[in-house]
Amino acid sequence: MTSTITGTVGQHGLAGQDMPDLDLTGADWRSGSQGVGDVQIAFVEGFIAMRNGRRPEGPSIVFTPAEWRAFVVNAREGEFDLT
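Residues numbered from 1 in each chain as written. Predicted model: local features only at pLDDT ≥ 70, side-chain atom pairs only at ≥ 80, totals over all residues. Heavy atoms only, no water.

Peer 1: Go over the confidence of the model for the protein chain, please, and point to the residues and values.
Peer 2: This prediction gives the protein chain a mean pLDDT of 78; 70% of its residues lie at or above 70. Confidence drops under a pLDDT of 50 for residues 1-16, and excluding neighbours within four residues, the segment shows 46 contacts in the predicted structure. (pLDDT = per-residue confidence, 0-100. Contact = heavy atoms within 4.5 Å.)

Peer 1: Describe unusual backbone geometry, naming the residues involved and giving the relevant values.
Peer 2: Its identity as a non-glycine residue notwithstanding, E45 has a phi of 50°, on the positive side. Looking at the secondary structure, you find E45 in the loop between strand 4 (39-44) and strand 5 (47-52). (Helix = DSSP H or I, 4+ residues; strand = E, 2+ residues; numbered from the N terminus.)

Peer 1: Provide a residue-level description of the pairing of strand 4, including the pertinent values.
Peer 2: Judged from the two bridges that link them, strand 3 (residues 30-31) and strand 4 form a sheet pairing that is antiparallel. The residue of strand 4 that forms the bridge with R30 is I41. Note: strand 4 against strand 5, six bridges, orientation antiparallel. Its bridge partner lying in strand 5, F43 is registered against I48. (Pairing = 2+ DSSP bridges.)

Peer 1: Before we move on, could you go through the side chain of Q40 and cite the residues and values that matter?
Peer 2: Within the secondary structure, Q40 is located in strand 4. On the basis of relative accessibility, which here comes to 13%, the residue Q40 falls in the buried class. At 2.7 Å, the side chain of Q40 and the side chain of R51 are in polar contact. In contact with Q40, not counting residues within four places along its chain, are W29, R30, S31, A49, M50, R51 and G53. (Buried < 20%, exposed > 50% of the residue type's maximum accessible area, 1.4 Å probe, protein only. Polar contact = N/O pair within 3.5 Å; in protein donor to acceptor, adjacent residues only side chain to side chain.)

Peer 1: So, the sheet that holds strand 5: which residues are in play, and what are the values?
Peer 2: Taking strand neighbours across the sheet as the criterion, the four strands line up as 3-4-5-6 in an open arrangement whose pairing is antiparallel. Since the sheet does not close on itself, it has two edges, and those belong to strand 3 and strand 6 (61-63), each with one partner. Most of the contacts of helix 1 (residues 65-76) go to strand 6, to which it runs at about 105°, and overall it touches strand 4, strand 5 and strand 6. (Axes fitted to C-alpha atoms, helices over the stretch in contact; angles between N-to-C directions.)

Peer 1: A description of the packing of aromatic side chains should follow, citing residues and the corresponding values.
Peer 2: Inspection of the entire model under this criterion finds four aromatic pairs. A centroid spacing of 5.5 Å and a plane angle of 35° characterise the contact between W68 and F71, whose relative ring orientation is tilted. Of this pair, W68 and F71 both sit in helix 1, separated by three residues, roughly a single helical turn. The exposure class of W68 is buried, given its relative accessible area of 16%. (Phe/Tyr/Trp six-rings, centres within 6.5 Å; stacked < 30°, edge-to-face > 60°.)

Quick look at the structure:
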């Protein structure tokens, strides 16, 4: 998973696949259901990008639709709960 400050994503590390270069500079970033938060997502060219809303200039993680579904299901089941 790499990203430049301009938001172009070149490689996706979750699946070890090369992803197309995505220009995220004009992406429509959305926050969680409460309208505020640290995590933001954007749907770009058939992929789902996620970033830290407090550091939007930082790297973004890009998911394929299947990876996104798996992430959401596991998050709902508490797999990533650190408490």
